[in-house]
Amino acid sequence: MRIVSIQRKNWQWLAVFSVAVVVLNYLAIRFLAADDIENVNLENLQGRRIAIDPGHGGIDSGASGHGVIEKEVNMAIAGKVTKILQDHGAVIFLSREGDNDYYTRGKGGKRNDLLTRIDKIEQAQPEVFVSIHCNAIKGPDLSGAQVFYSPKFEQSKQLAEVMQRALKDFPPGNRRQAKQDLHILMLNGIKVPGVLVETGYLTNKKEASRLADPAYQEELAGHIAKALAYHFSKNAGQ
Ligand SMILES: [Zn+2]
């Protein structure tokens, strides 16, 4: 009896140990990887060709909520990302540099705007692109940056997952995962790997005021740049 009970105890310890290993592995992947991105060397951006697409513009304001207009937030963040990337030697192409659009008259105007952006980005021949947007589609309680990608390119998925991890504190406690999307034209109709970042929800009052805050925009921009630097540190030869 005594031997049996010792064995049973050992099995219990083994079970506890196994669970602990699994949990520790999960924590290591979740937090150490996030740490890696946080501490990445921005010199990895040197010479890399990146396109930044500030969503909407001109006659198309995009979404709005609580007095905050998407096209303006997108442009502000895009400008801050561009500055950081250029300061570290990256070669940046912007799909729009001012408050303009590429709409055509009549039917299909919006689609033509996107097709023009795609065309411009492809001509610039970047290694990756980042399209910057704000979300505003569901209830007032939803919040958090969300990254989308097309499964067309493996690199898009990799960058999306890194970008989503880099944005885990926007806002703090953001548990969203990178999402595959087969319908976003900007992601699926382009011959360049890239991601679309919904930086947050304008329909959420607190998040709308955060997104309009230049300090929050700067933080966001910094983490988008870190995600890109981390991505290139893992894709050095491409
Ligand atoms: Zn948008």
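Residues numbered from 1 in each chain as written. Predicted model: local features only at pLDDT ≥ 70, side-chain atom pairs only at ≥ 80, totals over all residues.

**Quick look at the domain arrangement of the protein chain**
The domain architecture assigned to the protein chain consists of domain 1 (1–39) and domain 2 (43–234). Each of domain 1 and domain 2 was reduced to a C-alpha centroid, and the two centroids are 38 Å apart. Counting from both sides, the interface comprises 5 residues of domain 1 and, opposite them, 7 residues of domain 2. Grouping the constituent residues of the side of domain 1 that touches domain 2 by class yields 3 nonpolar, no polar and 2 charged. (Domains from an automatic or database assignment. Contact = placed C-beta atoms within 7 Å. Nonpolar A, V, L, I, M, F, W, Y, C, P; charged D, E, K, R; others polar.)

**Details of the nonpolar core**
Ranked by size, the top nonpolar core spans 57 residues in total, and within it Val81, Val147, Met163, Val195, Val197, Ile224 and Leu228 carry the most contacts. When residues of this core are assigned to their parent elements, the largest contribution, 9 residues, is made by helix H7 (residues 214–234). Non-local contacts of Val147, meaning those with residues more than four positions away in its chain, are made with Ala160, Met163, Gln164, Leu167, Ala178, Val195 and Val197. (Core = buried A, V, L, I, M, F, W, Y, C linked by C-beta atoms within 7 Å. Buried ≥ 20, exposed ≤ 12 C-beta atoms within 10 Å, placed from the backbone. Helix = DSSP H or I, 4+ residues; strand = E, 2+ residues; numbered from the N terminus.)

**Brief notes about the sheet that holds strand S1 (residues 49–54)**
An order of S4-S1-S5-S8-S6-S7 is seen for the 6 strands of this open sheet, with the pairing classed as mixed. Of all the strands in the sheet, just strand S4 (91–94) and strand S7 (179–180) have a single pairing partner and so form its edges. Relative to strand S5 (residues 128–135), helix H2 (residues 70–87) is tilted by about 145 degrees, and along the sheet it contacts S1, S4, S5 and strand S8 (194–201). The sheet strands contacting helix H3 (residues 109–124) are S1, S4 and S5, and the helix crosses S1 at an angle near 165 degrees. (Pairing = 2+ DSSP bridges. Axes fitted to C-alpha atoms, helices over the stretch in contact; angles between N-to-C directions.)

**Examining the environment of Lys157**
By the secondary structure assignment, Lys157 is in helix H4 (residues 154–166). The spacing of Lys157 and Arg96 is 61 residues in sequence and 25 Å in space, taken between C-alpha atoms. Not counting chain neighbours up to four residues away, the residues in contact with Lys157 comprise Tyr149 and Pro151.

**As for the packing of H2 against H7**
As a packed pair, H2 and H7 sit with axes 8 Å apart at the nearest point and diverge in direction by 50 degrees. Between H2 and H7, the angle is such that the two are oblique. The element H2 and its partner H7 pack so that their crossing is right-handed. On H7, the residues that touch Ala76, Ile77, Lys80, Val81, Ile84 and Leu85 of H2 are Gln217, Glu218, Leu220, Ala221, Gly222, Ile224, Ala225 and Leu228. (Parallel < 35°, antiparallel > 145°, perpendicular 65-115°, else oblique. Left-handed = near helix turned anticlockwise from the far one by under 90°.)

**A look at the pairing of S5**
Summarising burial for S5: 8 of the 8 residues are buried, a large majority. Summarising the sheet, S5 and S8 pair through 6 bridges and their orientation is parallel. For Ser131, the partnering residue across the bridge sits in S8 and is Leu196.

**Quick notes on H3**
The end-to-end C-alpha distance of H3 is 23 Å, a good match for the 22 Å that 16 residues give at a rise of 1.5 Å each. All buried positions along H3 are accounted for by Asp113, Leu114, Arg117, Ile118 and Ile121. The arc enclosing the buried residues of H3, seen along the axis, measures out at 135 degrees, which places them on a common side. For H3, the secondary structure elements touched by its buried residues are S1, S4, S5 and helix H5 (185–188). Backbone geometry just downstream of H3 places Gln125 in the positive-phi region, at approximately 50 degrees. (Expected span 1.5 Å × (residues − 1). Arc of directions from axis to C-beta.)

**Brief notes about the packing of H4 against H7**
For the pair H4 and H7, interaxial distance at closest approach is 9 Å and the crossing angle is 140 degrees. One finds that H4 runs oblique with respect to H7. You can see that H4 and H7 cross each other, and the crossing is right-handed. On H7, the residues that touch Gln158, Leu159, Val162, Met163 and Ala166 of H4 are His223, Ile224, Lys226, Ala227, Tyr230 and His231.

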